[in-house]
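Secondary and tertiary structure notes
Below are the chains, spelled out letter by letter.
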Amino acid sequence: MERTFIMIKPDGVQRNLVGEIIKRFEQKGFTLAGLKLMQVSRELAEKHYDVHKERPFFNSLVEFIVSSPVVAMVWQGEGVVASARKLIGATDPLAAEPGTIRGDFGIEIGRNIIHGSDAIETAQREISLWFSEEEICSWENSMKPWLK
Ligand code: RTP
Ligand code: MG
């Protein structure tokens, strides 16, 4: 079962976009496998964005992520990693297509509302960084035949 890690960043939570974002993933047909509101530690934020540690925006990005609560989620379903990136839209909200989350709700690259894993391997790394195994629901005994 393909899974991805999605995080609603502090701006998305503060702007009351949690319900709107969850609705979009639900209506697309993906399945929620993990969900928590959390105050992120500096250590976790730095590990999560480790790949960007040499970039000029790294410190301000980490400061932003630890500044107030985020919603961390695991979504699953066929093709969910790439599809979530499409639902989210381009990194710069001004360049993101209307109809995407960033395209509909943002204008600033440093306040782009949401994170989504960029590849299957990245998703596996990020899910194990943010969630323990017990925090992820399997749905394996679900009676819903339409869950893929
Ligand atoms: P994310 O990891 O947060 O889902 O975003 P992304 O894949 O679309 O973009 P990425 O290249 O991974 O960048 C991570 C986050 O860093 C901030 N950023 N600021 N030029 C800048 O000031 C700049 N470039 C990137 C963004 O908030 C981006 O989401
Ligand atoms: Mg990224």
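Fair warning: this is a prediction, and the values are worked out from it, not measured in the lab.

1. Observations regarding the pattern of salt bridges
By the definition in use, this model includes seven salt bridges. Measuring nitrogen to oxygen at the nearest pair gives 2.8 Å for the salt bridge that ties Arg24 to Glu20. Of the two residues, Arg24 and Glu20 both sit in helix α2 (residues 18-28), four residues apart, roughly one turn of that helix. Since its relative accessible area comes to 15%, Arg24 is described here as buried. A salt bridge links Glu43 to Lys47; the shortest N-O distance between them is 3.4 Å. Here Glu43 pairs with Lys47, and both are found in helix α3 (residues 42-48), just four residues apart, close to one helical turn. Through salt bridges that share partners, Glu20, Lys23, Arg24 and Asp104 make up one connected network.

2. A look at the environment of Gly116
Mapped onto the fold, Gly116 is located in strand β4 (residues 114-116). We classify Gly116 as buried; its relative accessible area is 2%. Along the chain, Gly116 and Asn16 lie 100 residues apart, while their C-alpha atoms are 18 Å from each other. Excluding residues that lie within four positions of it along the chain, Gly116 makes contacts with Phe5, Ile6, Arg85 and Ile88.

3. Notes on the UniProt feature "domain: Nucleoside diphosphate kinase-like" (unreviewed entry) in the protein chain
Per the UniProt record, "domain: Nucleoside diphosphate kinase-like" (unreviewed entry) is annotated on residues 1-138. As a span, residues 1-138 carries 41% helix and 17% strand, and end to end its C-alpha atoms are 9 Å apart.

4. Quick notes on the packing of aromatic side chains
Per the counting criterion, the structure on display carries three aromatic pairs. Between Phe5 and Phe131, the aromatic rings sit 6.4 Å apart at their centres with planes inclined by 70 degrees, giving edge-to-face as the arrangement. Separated by 126 residues along the polypeptide, Phe5 in strand β1 (residues 3-8) and Phe131 in the segment after α7 (120-130) bring together distant segments of the chain. For Phe5, a relative accessible area of 0% puts it in the buried group. The class for Phe131 is buried, based on a relative accessible area of 6%. Geometry around Phe131 places Lys36 over its ring, the cationic atom sitting 4.6 Å from the centre. Between Arg111 and the ring centre of Phe64, over which it is positioned, the NZ or CZ distance is 3.9 Å.

Conventions used here
Residues numbered from 1 in each chain as written. Chains lettered and ligands numbered in written order. Predicted model: local features only at pLDDT ≥ 70, side-chain atom pairs only at ≥ 80, totals over all residues. Heavy atoms only, no water. Salt bridge = Lys/Arg side-chain N within 4 Å of Asp/Glu carboxyl O. Helix = DSSP H or I, 4+ residues; strand = E, 2+ residues; numbered from the N terminus. Buried < 20%, exposed > 50% of the residue type's maximum accessible area, 1.4 Å probe, protein only. Contact = heavy atoms within 4.5 Å. UniProt positions renumbered as here; feature names shortened; annotations may be inferred. Phe/Tyr/Trp six-rings, centres within 6.5 Å; stacked < 30°, edge-to-face > 60°. Lys NZ or Arg CZ within 6 Å of the ring centre and 35° of its normal.

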